[in-house]
Amino acid sequence: MKSHVKYLWFNTQDRREYINITREVQEALEESGIQEGMILVSAMHITAGIYVNDAESGIIEDIDDMLDRLAPFGPDYHHHRTGEDNGDAHLKSILCHHQVIVHRTGEDNGDAHLKSILCHHQVIVPVTEGDMDLGPWQQIYYAEFDGRRRKRVIIKVLGE
Amino acid sequence: MKSHVKYLWFNTQDRREYINITREVQEALEESGIQEGMILVSAMHITAGIYVNDAESGIIEDIDDMLDRLAPFGPDYHHHRTGEDNGDAHLKSILCHHQVIVHRTGEDNGDAHLKSILCHHQVIVPVTEGDMDLGPWQQIYYAEFDGRRRKRVIIKVLGE
Amino acid sequence: MKSHVKYLWFNTQDRREYINITREVQEALEESGIQEGMILVSAMHITAGIYVNDAESGIIEDIDDMLDRLAPFGPDYHHHRTGEDNGDAHLKSILCHHQVIVHRTGEDNGDAHLKSILCHHQVIVPVTEGDMDLGPWQQIYYAEFDGRRRKRVIIKVLGE
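Residues numbered from 1 in each chain as written. Chains lettered and ligands numbered in written order. Predicted model: local features only at pLDDT ≥ 70, side-chain atom pairs only at ≥ 80, totals over all residues. Heavy atoms only, no water.

Draft legend 1. A look at the interface of chain C and chain B. Taken residue by residue, the interface counts 39 residues in chain C and 44 residues in chain B. Carbon and sulfur atoms make up 62% of the area that chain C and chain B hide from each other, which totals about 3,500 Å². In terms of surface lost to chain B, no three residues of chain C exceed C:M1, C:I46 and C:I117, which account for 18% of the buried area on that side. Viewed at the interface, chain B and chain C are joined by 1 salt bridge. Linking chain C with chain B are 16 residue pairs in polar contact (both at pLDDT 80 or more), by the criterion used here. Where the side of chain C that touches chain B is concerned, the elements lending two or more residues are β1 (2-10), β3 (37-43), β5 (91-96), β6 (99-104), α3 (110-119), β7 (122-128) and β10 (151-159) of chain C. In the side of chain C that touches chain B, the residues fall into 22 nonpolar, 15 polar and 2 charged. (Contact = heavy atoms within 4.5 Å. Buried area = accessible area lost by both parts, 1.4 Å probe. Salt bridge = Lys/Arg side-chain N within 4 Å of Asp/Glu carboxyl O. Polar contact = N/O pair within 3.5 Å; in protein donor to acceptor, adjacent residues only side chain to side chain. Helix = DSSP H or I, 4+ residues; strand = E, 2+ residues; numbered from the N terminus. Nonpolar A, V, L, I, M, F, W, Y, C, P; charged D, E, K, R; others polar.)

Draft legend 2. Representation of the relation of the copies chain A and chain C. Superposition of chain A onto chain C requires a rotation of 120° combined with a translation of 0.0 Å along the rotation axis, giving an RMSD of 0.0 Å. These values place the two chain copies in the arrangement generated by a three-fold rotation axis. (Least-squares fit on C-alpha atoms with pLDDT ≥ 70 in both.)

Draft legend 3. Representation of the interface of chain A and chain C within the structure. Taken residue by residue, the interface counts 39 residues in chain A and 44 residues in chain C. Summed over both partners, the interface of chain A with chain C buries about 3,500 Å², with 62% contributed by carbon and sulfur atoms. Between chain A and chain C we count 1 salt bridge in total. Residue A:K156 is joined to C:E36 by a salt bridge in which the shortest nitrogen-to-oxygen separation is 2.6 Å. Our count for the contact surface shared by chain A and chain C stands at 15 residue pairs in polar contact (both at pLDDT 80 or more).

Draft legend 4. Layout of helix α3 (residues 110-119) of chain A. By the criterion of burial, α3(A) is predominantly enclosed, with 10 of the 10 residues buried. The first or second residue beyond α3(A) is A:H120, which carries a positive phi of 75°. (Buried < 20%, exposed > 50% of the residue type's maximum accessible area, 1.4 Å probe, protein only.)

Draft legend 5. Highlighting the packing of aromatic side chains. One pass over the full model with this rule turns up 9 aromatic pairs over all chains. Taken together, a centroid distance of 6.2 Å and an interplanar angle of 70° make the contact between B:Y18 and B:F145 edge-to-face. Of this pair, B:Y18 sits in strand β2 (residues 17-20) while B:F145 sits in the loop between β9 (139-144) and β10 (151-159); the two residues are 127 residues apart in sequence, bridging distant segments of the chain. Residue B:F145 is classed as buried on the basis of its relative accessible area, which comes to 0%. Lying across the ring of A:Y7, A:R152 places its NZ or CZ 4.7 Å from the centre. The ring centre of C:W9 lies 4.1 Å from the NZ or CZ of C:R150, which sits over that ring. (Phe/Tyr/Trp six-rings, centres within 6.5 Å; stacked < 30°, edge-to-face > 60°. Lys NZ or Arg CZ within 6 Å of the ring centre and 35° of its normal.)

Draft legend 6. Examining the nonpolar core more closely. If you look at the biggest cluster of nonpolar residues, it comprises 57 residues, and the most contacted ones within it are A:Y18, A:Y51, B:Y18, B:Y51, C:Y18 and C:Y51. By size, the runner-up hydrophobic cluster in this structure holds 24 residues, among which are C:I19, C:I21, C:I50 and C:M132. (Core = buried A, V, L, I, M, F, W, Y, C linked by side-chain atoms within 4.5 Å.)

Draft legend 7. Local environment of the pattern of salt bridges. Residue and element names in this part refer to chain A. Considering all chains together, one arrives at 30 salt bridges over all chains under this definition. Note that D68 and R16 form a salt bridge whose closest N and O atoms lie 3.5 Å from each other. With a gap of 52 residues between them, D68 in helix α2 (residues 57-70) and R16 in the loop between β1 (2-10) and β2 (17-20) connect regions that are remote in the sequence. Here D68 falls in the partly exposed class, since its relative accessible area comes to 24%. Its relative accessible area of 22% is what places R16 among the partly exposed residues.

This is the structure we're talking about:
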């Protein structure tokens, strides 16, 4: 079995952006030399998604509209009240299910977490005879829901 | 490592249909001879989904009702305006994030793309001791959201 | 190729609970001895989900609020009418797409099936140099949508 890992970095200009990363995934596959296997493409942040759909500007707007209708940007999330007694953004320890998590407060991105859940944060691309085994319209997208800072995606190729 | 690939074709009578493909996935596993591994089951079109849930007609209706409530069939999607200045359906080149995509216009299936995002277009089935390692009620479904034409699903088995 | 399988059992006190299982997945990885690969974490019941997001109590409440807004708990699902002519809960055979499925009737958990679809029932965790290759805030959660009975999750590690 062979494996290959590659990381993509993003720092979008807008809060929400949808970026076609099919070419980058293809490059990672070529670097791996793998002929038969799978490629995991997975957001490493919890306010972003990965999906497979159409490289068509209208459908991208429709996806954004739907996600913002189902999980609207707004001030009313429980997530935003984390540590609000402290007045402003800082680090805080939260004991959560046996694990100490250090967390920023003063968040305004509750919607982005929810959009990530709905859109899902990862896809698997099958590899057959050295190529991505995708249908004619399938393109791989990075969905940024809380951008304007450095965020990362992992591409992991496994196979032979 | 061994791998095996199989494609299923569908051409449904109705626009939306939900088809149990558990037996077909089981057959692909048997053909592969793989004892320990994973099976990727993935729609190759962007207006279809794959999910794991109950082989019960009521829940299938409920899933359809929910998806059509959250992403309703209708005329008001940006996706439908692609190339509308051209009057009717034809091919058009769209330059989208470094990639030239040839795309049909005159679409009416914006809802089907969104349902595919919400439902997700793929699942992974674990394989243990030569069998699909599923829970008692888990059945694998192909969800067609824009049928009445030939569409394809990939089943990719990887393991040993 | 190496593989390792492990099952987690849950029996929650509440109907809906969100349980951080990152440590348990880490333990399964250590048991496997795998250095490069993937870990499938997948609910084996159709009224539960697995997701990756924040170990922060506010966002967990927000996820629960959203899922119950999009797929509300309630009596009005088709799924609940299964076998209702029989008066009370019992077993019944349903012939569904070539497969005989034995199914309980008198269900009240239609919402839980739908929440499972929206949340998705599985994630893949990449493994690099013997560690889970997760981003700084990524934690793995079991989402119980119809608890108070024994339910199971599979952790399957594949790699080398």
